[in-house]
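Letter by letter, the chains look like this.
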Amino acid sequence: MRPNPNTTAYLKSLKTLTMDERTKGRMRDAIDAYADLHTMPASVPTPSPYFSNVFLQYGSRAVAFVLVLLVTGTGAAYAAEGSVPGSPLYPIKVSVVEPVQGSLISSTQGRAAWHARLATRRLEEATTLATKHKLDAAAQVYLEEQFKAQVRSSTEAAEALALAGETDASLDAHSDLEARVTAHAELLSLLSTHLEVTTPEDESLEGTRALLAVVRDSQEEVTTSRLALESESEPDVSVSVIALARAEATTRAISS
């Protein structure tokens, strides 16, 4: 079968993709994190030199580590980091890169933070599309569903921490998610106003408004959950102290 010239050209273009220093740092951190979590104990006997025996003994870890190397070791995977729905590399980002990165996180608090980051990542993608007048109905619905799913996963992890008696960690997780959602609600509100003034007939305006309504609903739910947990754990904490903590969390969310 003769190769498709379009496919060949696309594959060649992937070879030219490069990684910046920030991307390389994330790659090193991912591999270091995996190594720290899966260090072989001294009591494990020396495996057989034959690959089959090594695979039987360390199969799942070996496969996972090879997968990490395959994903993080290519320019295409890291170029996908900045992709948005509709981009050729976006499926790599959401179906390969993010799942592998998430699989390296073993703690409940880490998972809560990771899902909070993915929730706001979906909003960042929506903002990028809207500013380019490309946030159509299909993209808006997809990103809305993914945002809600990630918020739900982050909240569930935070609640699991509370049930385990890790109240401070649960509050941190709730606060991190709330700060991120609040910050992006403000950004979407500003973007909606801008689009209304500059391009009122743009389809992206309706998509931004619809997404903003969902984000505000999530913001209210997360805030309510956080306040309930605070009232149960620290009923005597002053309002000023809580307000200061919220302001600091919001600043961290915007800067990250």
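Use the structure listed above.
Since we're looking at a predicted model, the values are computed, not measured.

Criteria and cut-off values
Residues numbered from 1 in each chain as written. Predicted model: local features only at pLDDT ≥ 70, side-chain atom pairs only at ≥ 80, totals over all residues. Heavy atoms only, no water. Helix = DSSP H or I, 4+ residues; strand = E, 2+ residues; numbered from the N terminus. Buried < 20%, exposed > 50% of the residue type's maximum accessible area, 1.4 Å probe, protein only. Contact = heavy atoms within 4.5 Å. Areas by Shrake-Rupley, 256 points an atom, 1.4 Å probe, with all protein chains shown as cover. Core = buried A, V, L, I, M, F, W, Y, C linked by side-chain atoms within 4.5 Å. Phe/Tyr/Trp six-rings, centres within 6.5 Å; stacked < 30°, edge-to-face > 60°. Salt bridge = Lys/Arg side-chain N within 4 Å of Asp/Glu carboxyl O. Axes fitted to C-alpha atoms, helices over the stretch in contact; angles between N-to-C directions. Parallel < 35°, antiparallel > 145°, perpendicular 65-115°, else oblique. Left-handed = near helix turned anticlockwise from the far one by under 90°. Nonpolar A, V, L, I, M, F, W, Y, C, P; charged D, E, K, R; others polar. Expected span 1.5 Å × (residues − 1). Polar contact = N/O pair within 3.5 Å; in protein donor to acceptor, adjacent residues only side chain to side chain.

Novice: Help me out: how do you make sense of the overall build of the chain in this one?
Specialist: Within the chain one finds 10 helices and 0 strands. Helices (α) and strands (β) of the chain occur, in sequence order from the N terminus, as α-α-α-α-α-α-α-α-α-α. A total of 256 residues make up the chain; the buried ones form 37% of that total. Intrachain contacts of the chain at a sequence separation of at least 6 include 69% that bridge at least 24 residues. Of the roughly 14,800 Å² of accessible surface on the chain, a fraction of 58% belongs to carbon and sulfur atoms.

Novice: Just checking my understanding: could you explain the nonpolar core for this structure?
Specialist: In globular proteins that are soluble, nonpolar side chains generally tend to be buried together. If you look at the biggest cluster of nonpolar residues, it comprises 25 residues, and the most contacted ones within it are L135, F147 and V215. Among the elements of the structure, helix 6 (108-131), helix 7 (137-163), helix 8 (167-198) and helix 9 (203-233) are those that each provide at least two residues to this core. Filtering out sequence-adjacent residues up to four positions away, V215 remains in contact with L123, F147, V181, A185 and L188. Membership of the second largest hydrophobic core comes to 6 residues, among which are A112, A158, L161 and A169.

Novice: What should I look at first to understand the packing of aromatic side chains in this one?
Specialist: The relation between two aromatic rings is expressed through the spacing of the ring centres and the mutual angle of the planes. Considering all chains together, one arrives at 1 aromatic pair under this definition. Seen in terms of ring centroids, Y90 and Y142 are 6.2 Å apart; in terms of plane orientation they differ by 75°. Their pairing is edge-to-face. Here Y90, found in helix 5 (residues 90-103), pairs with Y142, found in helix 7; they are 52 residues apart in sequence, far enough to count as distant. We classify Y142 as partly exposed; its relative accessible area is 28%.

Novice: Can you help me understand the side chain of R121 in this one?
Specialist: You can see R121 is positioned in helix 6. Excluding its chain neighbours within four sequence positions, the residues that come into contact with R121 are E81, K93, E98, Q101 and W114.

Novice: Can you walk me through the pattern of salt bridges in this structure?
Specialist: Any two side chains of opposite charge can pair, so long as their charged atoms come close to each other. This model, assessed by the stated rule, comprises 12 salt bridges. A salt bridge links E144 to K148; its shortest N-O distance comes to 3.7 Å. A residue pair is termed a helical-turn pair when its members lie 3 or 4 positions apart in one helix, as E144 and K148 do in helix 7 at 4 residues. Residue R226 pairs with E178 through a salt bridge whose shortest N-O separation is 2.7 Å. With R226 in helix 9 and E178 in helix 8, this pair connects stretches of sequence that are 48 residues apart. The residues R226 and E178 share a single accessibility class, namely buried. Among the ionic contacts, a cluster of salt bridges with common partners joins E81, K93, E98, R121, R122 and E125.

Novice: Hey, could you run me through unusual backbone geometry in this one?
Specialist: Keep in mind that most residues, glycine aside, have a negative phi and that most peptide bonds are trans. At H133, a position not held by glycine, the phi torsion is positive, near 60°. Residue placement: H133 occurs in the loop between helix 6 and helix 7. Look at H133 and you get partly exposed, because its relative accessible area is 42%.

Novice: What is the right way to look at the packing of helix 6 against helix 7 in this model?
Specialist: Between two packed helices, both the angle of their axes relative to each other and the distance between the axes serve to describe the pair. Contact pair helix 6 / helix 7: the axes reach a minimum separation of 8 Å and the direction vectors enclose 160°. The angle between helix 6 and helix 7 places the two elements in the roughly antiparallel class. With respect to the hand of their crossing, helix 6 and helix 7 are arranged in left-handed fashion. The residues of helix 7 that touch helix 6, namely those facing T108, Q109, A112, H115, A116, L118, A119, R122, L123, E125, A126 and L129, are A139, L143, Q146, F147, Q150, V151, S153, S154, A157, A158, A160 and L161. Its residues assigned to classes, the contact of helix 6 with helix 7 comprises 15 nonpolar, 7 polar and 2 charged.

Novice: Looking at this structure, how should I read helix 6?
Specialist: Every α-helical turn comprises 3.6 residues, leaving residues that sit three or four positions apart pointing alike. The end-to-end C-alpha distance of helix 6, which contains 24 residues, comes to 35 Å, matching closely the 34 Å that a straight helix rising 1.5 Å per residue would cover. Where helix 6 terminates, the next one or two residues include H133, which has phi positive at roughly 60°.

Novice: Would you take a moment to explain the environment of T182 for this structure?
Specialist: Inspection of the secondary structure assignment puts T182 in helix 8. Separated by 38 residues in sequence, T182 and E220 have C-alpha atoms that sit 9.2 Å apart. Side-chain polar atoms of T182 contact the backbone oxygen of E178, separated by 2.7 Å.

Novice: What exactly am I supposed to notice about the packing of helix 8 against helix 9 here?
Specialist: Contact geometry for helix 8 and helix 9: axes closest at 8 Å, N-to-C directions at 155°. Overall, the two elements helix 8 and helix 9 adopt an arrangement that is roughly antiparallel. Here the hand of the crossing between helix 8 and helix 9 comes out left-handed. Tallied by class, the residues present in the contact of helix 8 with helix 9 amount to 13 nonpolar, 14 polar and 6 charged.

Note that every value here comes from positions in space, so none of it alone points to a role or purpose.
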